[in-house]
Structures are given as structure tokens and as C-alpha cells.
Amino acid sequence: MKGRIGNIFRSFLLIATCIYTSFDSVAQFYVGGKLCVGSAAPITPPVGSTPVASTDCNEPTIFFDENKATTAWAWDFGDPTIVTDVAFVRNPKYFYSKPGQYTVTLIRIIAGVVQAPETRVITIGSPPEKPLFFGKSKADTTICDGKTLKLDPYRLRATPPGATFLWFPTGQTTQTIDVTKTGCYSVEVFDASGGCSRIAQINVKFCMQEANSGGTEKWFFGDGATLDFQAVTTPPTPRDPLDPTGGLFKKPDDTDPVFVPKPATQSNPIRSPEGAAMVYDPSGSLLFYTDGIDIYDKDNTPLTAIPPLTDSKLGGTNTSTQSSVIIPKGSCNECPHHLYYVYTINELTGLLSYSVVDVRRNGGKGAVVEKNVPVNLQTTQRVAAIKNDKETAFFVYSHDAGTNTFRILKVDSTGTTEFTQNLGLVHSDATSQEGYMRFSATGTKMAIAVTVNGKNYVEVYEVNKETGRLGTPLTIDIGVAAPPNIYGVEFSDDEQKLYVTLRGDPTKGETSYLYQLNLNLKKPDEIAKQKKEIDKSKSYAFGALQSGPVNGPGLKFIYMAINGSQFIPYIQYPNEIGGAAIVGYQPINAGFGADVFGNSGLGFPNITQAKQKQDGGGLSAKYTGNCQNQPTEFETEGICSPMKAEAVWDFGDGETGTGLKTSHTYTKTGTYKVKLTLTVYSETDASKTASRAPILDKLLGNTLKEKCKEFVVVDEIYIKPTPVVNLPDEAFVCIIDNQKITLDPKPQQIYNPTYLWNYNNQTTPTILADVTGNITVKVTNVFANKSTCATSDKIEIKEGCEPRLFVPEIFTANKDGINDILQIPNAHITDFDLRIYNRWGEIIFESDDPEKIWDGSYNGRVIAPMMYAFVVSYKSRDFPEREKITRRGGIFLVN
């Protein structure tokens, strides 16, 4: 061994040379990964932790000791460039910095005895020069529909000697491919040895090419059974013309469907008493499926195997509750997804392992490229998986048999990371049996069924989707002694109800049960006490429960597997609380239930779908605002960005506009036809040259570009009436006289109007105001869909008193103390002038002071009683700009 080994490893070797058992040639260690050099400097993490991949998408070389009896390890990776190339765990990972051959050495301790070293020579290769599209490892491009795009990862560069190619999605092996459809394309370029590779991806969008639709989810299980779904939809709801925002030039959005079972029309090759797994691609089309032993493509044909593998048979089992699960294997720069992990439980050992399917192989149908790679050496009976909160990784959960240990694998583009949690009941007695492990629709809850010491339990865990860790369980004793044994579990869509089955053996006279548990009750005893019986049977063995279809939006039913039956029952309203009638339970009596064509087993398949997406799309636009006399904004959507486009709008009222985003104000209410003429341009060599000079590019516009396509689309928009408000600009109020003024906006074009004044937040059509300042009223039309059109107006209230003056028509000058003098009540006047005349036109009294009184005398004598004419004039004190006011009349003098 090398003299540079550290003290721990040297001590390990010293013991090994003194006492060791004979070398067991059957015991091997596994070597996997790409066997490529890593980053420029290997990233060697602390012992037992996860290596950090470099930004160049490197993957570590992985090692795994398959000897179950080993309790301690010492690995020497044979790398002379690194002093600390040792590890002391069962499954280390290592980055080699240089290509070449390396001798890897493993020394084990078994039963306290150090074993003879085991060595293996591995070859580490160098990845080829980076493949690139438009100078990038991950690129996007948009071109005209109807054209062909040639993809070449080494365009204008030398191809690496001896390089081979593998394209996604259909597995071409040429250096270049021609593309005519929208989608994601990636190429993996292998070095001459075929062991090292690099990947580049490009998202290609053909302008306005319609999206490809995927298939419909189906379940294959049991003895050739197929559960087929039919989406029942109501007609799309047309856009409400009153809505203030909405889409233009596109079909109304479909309503969420209700998925109902429909009779299956064909069988499948699955022959599984319990476990199976299926995987769907991002568009919803079936990729492949397995019962843990055999694996089939979407056409029900067994997958092929890539040498050195000789067949595609997996070493799993189909007699465990959840014996297999499939998840995508994330890879740097790949399209989602071309590699998939198939996790299975080994039929002989019960150990969890994985195989890898490459869907690029065999013309895009897929092939097994690696199989039966051990994950850990603990016996398990079930495995399930969920996506993390950002859908960038999966967590794979398994449960060690006979313990309370959960093993949780995080699988993402950097590889796999495992951690364990010891939670819940220990499944260690001889009668312990494990049922299903099931996640809620959002992945935030997990339920696990277990029978321990003759009691049936279900444990409910909260799940942290970011870390994958489980919370403290809610352990519910169902209250029914075993047998029958708890088996199936499934959450309602709202995650507040949990359905469980107890599987009885009809040949032994045992009864099977289907119960609903109300998790809202919180307390385990109360949940069990108030459980609702949905069904029971001594004739059938009840099996798994599963909500379906698993992927996509819409109302879903919960189905129950019944062993040996061509029909299976289902729950139509799982969110309701109650018995069979309330939850809409459809039993299989008299031939009812879902017809699965074959015969159901006890289990349902684990269903996985990669992150959903749709490529392509049509032209559309949106409007914002549809009120009269207010701007309506129009903006195009889905315009083949980054291609250049020109838009011309006809607003339907004789006015036009231009631009991908524009605004228009309609002055009249009504329905208008809006027409958009859109011209899309693609770049040419000349336009690309011109674009390097911004001034020239702006001057030439699209003249050097190639006209890709012109689209003309028409739609309607309804413009709602906006109130017309007519407040005067100003008004006056006499504060010192405690006067109030009535404000009336006199609205027109009103529809179910509301009013809001900023003066005391009053909401009446008119108000009384006694303050100065600006007063605003907002008048709002409220339409049937609660949308509104509003307008505001304001009035300035100023302080000002109208002049007031009163001239009595009669007074007595008899000195009886009652009305003996002529008084002129007045307010807010100036420039007062009063003249009283006799019948000959002579002035008998005059005054420029309204406070100066007349006692009915002239030249010191009381004059004769009769009518006397007067002329009074004055001006407004608060409104001096007004003309002088003159009033004429008569005063009757009585003695």
C-alpha cells in the first residue's frame, strides 16, 4: 500500500496484516457514476458528507460495499495527487482530477475482524470538449414555423476525435439533427472510451406552432387490469364582457374536469399481486412501467438492455405493498428528462436498489442501461416518492423492516443524498405487518399503515417539502383488532380526511373494512371513535386506496383495489364527512364500479410524472380597463420572443394604434370589434450585422429582417358606461351665519351607483356642507359582476355671505312703543344708500347708514299717513366685484 496513507488508515492496515480472514471472492464493491474527471481540483468533503459538484456539471465516481456484514470501512481511492483520498463509510463518492487508471482498495471489518484488502482497477476518462448551442450549454431560440433548424453542438468548431452522440428525445446518434417541432432538445457527447460525456441543451420554439398534447393517465395493476379515466368537462365559461381585464383572441379557459372511470378496452402484461410503478413524461404521455420484475415501454413491449447488460429484468418483487417507484434522474443541462431511476425491492434480500432507464434509447422508447445498483443494505417492504417544494428534486422514502427507521433519499442533478429518521412505532414483533405509505396531493402529509402487537394503526406525519424531513407522527389506533390487517391509506383532496382499508382473508371468514377518519378532530382517540364505516365485506379482500388520476387538475375519485375482481369501487366525494351515501361510494354490487378489463390485485401502481409543461402556443392578447372615457390598455402575449414583431390595432371605433403594448380611450359605451394585425420577423445575416450598430439598427428597423408570418385576429370588447358628474367649480357658504350648502353632483349615465364624498365619508347622493375647502365626490357604477366604472369631481367651497336687506312695508309713528320707527334689517352689505320720497318726488329722508332710523317725521313734524316711495341701494361686502343692488318700493306710514 502507499506510504502516504494517514495514521488512521495505517493503523487499519497494521491490523489487517496481523489478523484477517481469508479473502471472500464473492464479496464485491460496486463502482458507478460516469468514471470521469471532476472539477480542476477535486472537491473532497468531510467524511460521510455529500460532495459538491463543480459548475461544469461533473458527477463523482460512486462506490458501494455490497457485503451486508461489514461494520467498518477504509477506502483508498488510489489517487497519488491527493493526500487525503480516503473514506470510512459504506458508500463514499470521489472526484478524480486526472484521467487514467486507479487502483481502489477497500478494507472491511466484519464481526470485529479486519478482512484482507480488496482491490479493483478502474479507468477514469476525460470528458470531451463542451458541446454548445449558440455558445451556451443551455440555450433558447425561436424561429419561423415551417422552417427546419439544424442543430450541431460543434458548429464552426472541431469535433472531438472519436466522439459519439446521443440526442434527446428520439435517440439519434449523428452529430447533427434537423428539427421541425417545438420542444427541448439535448445532446450527450461521449469521449472515445464512451465512459465520459458532456451535455448541452436547447429549447427550440417555432413561432406560433401549436402545443403537442399528451396522453391520458391510465393505471396498470393486478392481473392485466387497466383503470382508464375520462375527463368530464362543462362548456368553457365565455369571458364576462363586464370584466375589467381579460384575454383576447383565444378560446375561453377550460373548466377543471371531473375524472370518472370508463370501461377499459384492453389489457396489459402486468401480472402483479401488489406492487407496480408507472411514469409519465412532462406532456402527460406514458413512458414505461414495471411490476418490479419486468419493465415495459408505452407499447407494452419489454424494454431492451444496453450491453454489458444481457437483459432488462429487474431483481425486484411484485409481492410487497409498494415494491417499486420511478422518478426522473436530474442531470446538468439535460431536457426533462432522459434518465429515470427505477427503485425496486429485491425479491430475495428485501434490499432497496435502483436501475436506470434511458428513454433516448431504442428510438425514444427507452432501454435499461444500469440495473440493481444497491441503495442501502436494510430490508424494506415499501417505497414511495414525492417532489420537493420547487420541483427540482425528488425525495424517495423507504422504511426499514422491523424498525421505526425511515430512509430518505434526496435525488437531484448533483446525485443522491441519504439521511435517516427514527420515528413512530417500532415494527419488530413477529405479527407486525406493513401496509401502504401514502402522501397527500400536496406532498405535505404522509400516512403509513402498520399492524403491531395485534393492533391496527395509521401514523400521519407532516412533511417538510424543502428538506424532506418528517415531523412527529399522529398515531391513531383504528380500534379494530388484527386480523384483518390495515393495508390501504389515502388522503382526501383537502387533506382533512383519511381513508383506510383493513384487509381480511375471505377464506378464513375474516371481514374487510373501509373507513373514513376525520383528521380535523386532531385527537387520535376521538378520530378513531368517530370513524365512519363506508363498506365491509366477508366475500372480498379490500386492498390499496388511491386518488386518481394522480396528475393534473380536476375533481378526482378515490379507488379501492379488490383482490381478484374485474370491477373496483370508488368514492366520488372524498372531501365530505359521512358514510357511504354522503361520500358517494359506488360499490361493485350487481356489476357496478369501474370495469378494469382484467382482474384487480391488492395494490395500485405508484404513479410519477415529471414536471409538467407545454411547448408552443398561439397568439393572444390581454386588455386592462373597459370603462368609457378612461384608458383601455392592450398588450400582446405569446409573440415568439425574442423575434421582432410589429402590431397594428383597429379599435373598432374608427381609431387605430400601433405597438405590442398600446392604449386607447373609448368615448362611447357599447361593443367594439378589435382587430390585431401582427407581423413577425426573423433575423437575417444582414440584420444581425446591422444590430451591432445600435443607431443603424434603429434607423433600419425591420427592413433587413425576413418576414416570418402575418397574423390577423379579431375579438370583441365591451366598454361600460362611466358616470358623468356635474358639480360646479365653486360655491360659497356663510360660516358666521351657520349656513349649510347643498351639494348635488347631478350624475348622468349611472347604473346602480354608489357615492363617496370626502367630507365625513358620506355616501348619500347629495350632502350638506358647512366648511370651506375642496370637497370631492366619487360616483361609481357597480355592475352585475361587481366590476365598476367610477369618476370623480370636486367643488371648491369658499367662505362668502350673500348680502341681506329687508325694508318693512308699514310702520306706525304714534309713539306707542310698537313699531314706531323704520328699521332696515341687513347683513353683509356695504355702500348703503336709502332715499324716501313724498308724492311730489321730494326727498323726505335719506341715509348712508343702515343703522340710522326714520321716525316718520320731516322737518321736525310727523307727516301725514300715506304711502311713501323709497329707493335703496347697496353692494355685497363679500362679493365686491358684483354690481350695486338697487331696490324700489313703498312704505305705508300709519299714525
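Cut-offs used in this document
Residues numbered from 1 in each chain as written. Predicted model: local features only at pLDDT ≥ 70, side-chain atom pairs only at ≥ 80, totals over all residues. Heavy atoms only, no water. Helix = DSSP H or I, 4+ residues; strand = E, 2+ residues; numbered from the N terminus. Buried < 20%, exposed > 50% of the residue type's maximum accessible area, 1.4 Å probe, protein only. Contact = heavy atoms within 4.5 Å. Areas by Shrake-Rupley, 256 points an atom, 1.4 Å probe, with all protein chains shown as cover. Pairing = 2+ DSSP bridges. Axes fitted to C-alpha atoms, helices over the stretch in contact; angles between N-to-C directions. Core = buried A, V, L, I, M, F, W, Y, C linked by side-chain atoms within 4.5 Å. Disulfide = S-S within 2.5 Å. Phe/Tyr/Trp six-rings, centres within 6.5 Å; stacked < 30°, edge-to-face > 60°. Lys NZ or Arg CZ within 6 Å of the ring centre and 35° of its normal. Salt bridge = Lys/Arg side-chain N within 4 Å of Asp/Glu carboxyl O. Polar contact = N/O pair within 3.5 Å; in protein donor to acceptor, adjacent residues only side chain to side chain. pLDDT = per-residue confidence, 0-100.

Peer 1: Looking at this structure, how should I read the overall build of the protein chain?
Peer 2: Looking only at helices and strands, the protein chain has 5 helices and 66 strands in total. Taking all 895 residues of the protein chain together, the buried fraction comes to 48%. Within the protein chain, contacts between residues separated by at least 24 positions form 62% of all contacts whose residues are at least 6 apart in sequence. Carbon and sulfur atoms provide 51% of the accessible area of the protein chain, an area that totals close to 41,300 Å².

Peer 1: I'm lost on the environment of Ser126 in this one. Help?
Peer 2: Take Ser126: it is sitting in the loop between strand 8 (118-124) and strand 9 (138-143). Excluding residues within four positions of it along the chain, Ser126 makes contact with Val37, Pro99, Asp191 and Cys196.

Peer 1: What's the story with the sheet that holds strand 45 (residues 620-624) in this structure? I'm lost.
Peer 2: Two modes of strand pairing occur in sheets, parallel and antiparallel, and in both the strands are linked by backbone hydrogen bonds. With antiparallel pairing, 4 strands are arranged side by side in an open sheet as 17-45-46-49. On the outer flanks of this sheet lie strand 17 (245-248) and strand 49 (661-665), each paired with one strand and no other. If you compare each strand with its neighbour and ignore which way they point, the axes differ by 25° on average.

Peer 1: Just checking my understanding: could you explain the pairing of strand 57 (residues 788-799) for this structure?
Peer 2: Regular strands show a simple pattern: their side chains alternate between the two faces of the sheet. Here strand 52 (residues 730-733) runs beside strand 57; their pairing, made up of 4 bridges, is parallel. From the neighbouring strand, Glu730 faces strand 57, where its bridge partner is Glu796. When strand 56 (residues 773-782) meets strand 57, the two strands line up antiparallel, connected through 10 bridges. Note on strand 57: the bridge partner recorded for Asn774 is Glu796. Here strand 56 folds back onto strand 57 in antiparallel fashion, the turn holding 5 residues, of which Lys786 has a positive phi close to 75°.

Peer 1: Just to check I follow, could you spell out the nonpolar core for this structure?
Peer 2: Buried together is how nonpolar side chains tend to be arranged in soluble globular proteins. Core analysis: the biggest nonpolar cluster contains 46 residues, and Leu227, Val458, Ile476, Ile478, Leu498, Val500 and Tyr559 have the highest contact counts within it. The biggest single contributor to this core is strand 34 (residues 485-491), with 4 residues. Setting aside residues up to four positions removed in sequence, Ile476 forms contacts with Asn456, Tyr457, Val458, Val460, Leu517, Leu519, Pro524, Ile527 and Ala528. Core analysis: the second largest hydrophobic core is formed by 27 residues, Phe249, Leu619, Phe651 and Tyr666 among them.

Peer 1: For this particular structure, what's the right way to read the side chain of Thr141?
Peer 2: Position of Thr141 relative to the elements: it lies in strand 9. Aside from chain neighbours lying at most four places away, what touches Thr141 is Phe134, Leu149, Ile202, Asn203, Val204 and Lys205.

Peer 1: Can you walk me through the state of the cysteines in this structure?
Peer 2: Two cysteines, two sulfur atoms, one covalent bond between them: this is a disulfide. Scanning the entire structure with this criterion turns up 6 disulfides. Disulfide pairing places Cys36 opposite Cys196 at an S-S distance of 2.2 Å. Of this pair, Cys36 sits in the loop between strand 1 (29-32) and strand 2 (61-65) while Cys196 is found in the loop between strand 13 (183-190) and strand 14 (197-206), placing the two residues 160 residues apart along the sequence. Here Cys36 falls in the buried class, since its relative accessible area comes to 6%. A disulfide bridge connects Cys184 with Cys335, and the sulfur atoms are separated by 1.9 Å. Linking Cys184 and Cys335, the disulfide has an S-S dihedral of approximately -85° and is accordingly described as left-handed. Linking Cys184 in strand 13 with Cys335 in the loop between strand 23 (324-328) and strand 24 (339-345), this pair joins segments that are 151 residues apart in sequence. Side by side, Cys184 and Cys335 carry an identical accessibility label, which is buried.

Peer 1: Got a minute to help me understand the packing of aromatic side chains in this structure?
Peer 2: Throughout the structure, instances matching the rule amount to 35 aromatic pairs. The interplanar angle of 70° and the centroid separation of 6.3 Å between the aromatic rings of Tyr154 and Phe165 together place this pair among those described as edge-to-face. Here Tyr154 is found in the loop between strand 10 (149-151) and strand 11 (164-168), whereas its partner Phe165 is found in strand 11, with 11 residues between them in sequence. Relative accessible area serves as the criterion here: at 8%, Phe165 is assigned to the buried category. An aromatic cluster is present here, built from Phe29, Phe63, Trp75, Phe77, Tyr94, Tyr96 and Tyr102 joined pairwise through their rings. For the cation-ring pair, Lys531 lies above Tyr515, with the distance from its terminal atom to the ring centre recorded as 5.4 Å.

Peer 1: Would you explain the sheet that holds strand 32 (residues 455-462) in this entry?
Peer 2: Taken together, the 4 strands give an open sheet; going across it, the order is 30-31-32-33, and neighbouring strands pair in antiparallel fashion. Of all strands in the sheet, those bounded by a partner on one side alone are strand 30 (433-439) and strand 33 (474-481). The sheet shows a mean angle of 15° between the axes of neighbouring strands, taken without regard to direction. Note: strand 32 against strand 33, 5 bridges, orientation antiparallel. Within the sheet, the bridge partner assigned to Glu459 lies in strand 33 and is Thr475.

Peer 1: Looking at this structure, how should I read unusual backbone geometry?
Peer 2: Glycine aside, negative phi is the norm for most residues, and most peptide bonds take the trans geometry. Residue Pro483 follows Ala482 across a cis peptide bond; omega there is -5°. Topologically, Pro483 is positioned in the loop between strand 33 and strand 34. In this model, Pro483 is joined to Pro484 through a cis peptide bond whose omega is 5°. Checked against the element boundaries, Pro484 lands in the loop between strand 33 and strand 34. Positive phi values are uncommon outside glycine, yet Lys522 reaches one of about 70°.

Peer 1: Got a minute to help me understand the pattern of salt bridges in this structure?
Peer 2: Where charged atoms of side chains with opposite charge meet at close range, the side chains can pair. Applying the stated rule across the entire model yields 26 salt bridges. Close ionic contact of Arg835 with Glu846 constitutes a salt bridge, the shortest N to O distance being 3.8 Å. Pair noted here: Arg835 is in strand 61 (residues 829-837) and Glu846 is in strand 62 (residues 843-847), with a separation of 11 residues, a long-range link. A relative accessible area of 44% places Glu846 in the partly exposed class. A single salt-bridge network, built from bridges that share partners, covers Asp65, Arg90, Arg108 and Glu118.

Peer 1: What am I meant to see in the environment of Thr255 here?
Peer 2: Assignment of secondary structure puts Thr255 in the loop between strand 17 and strand 18 (258-262). Each C-alpha atom, one on Thr255 and one on Pro235, is 7.5 Å from the other, the two residues being 20 residues apart in sequence. Residue contacts for Thr255: discarding those within four places in its chain leaves Thr233, Thr234, Pro235 and Thr237.

Peer 1: Please clarify how the side chain of Asn838 should be interpreted in this entry.
Peer 2: By the secondary structure assignment, Asn838 is in the loop between strand 61 and strand 62. For Asn838, a relative accessible area of 11% gives the class buried. Among the polar contacts listed, one links the side chain of Asn838 to the backbone nitrogen of Trp840, at a separation of 2.9 Å. Side-chain polar atoms of Asn838 contact the side chain of Glu842, separated by 2.8 Å. Beyond its immediate chain neighbours, meaning those up to four positions away, Asn838 contacts Ile844 and Tyr868.

Peer 1: I tried to follow the environment of Lys136 on my own but got confused; where do I start?
Peer 2: If you trace the backbone, Lys136 turns up in the loop between strand 8 and strand 9. C-alpha of Lys136 to C-alpha of Ala200: the two residues are 64 residues apart in sequence and 7.8 Å apart in space.

Peer 1: Whenever I open this one, the confidence of the model for the protein chain confuses me. Can you help?
Peer 2: Note: predicted coordinates in regions of low pLDDT should not be interpreted at a detailed level. Per-residue confidence for the protein chain averages 86 on the pLDDT scale, and 89% of its residues sit at or above 70. Below pLDDT 50 for its whole length, residues 1-27 participates in 48 contacts with residues either more than four positions away or in separate chains.

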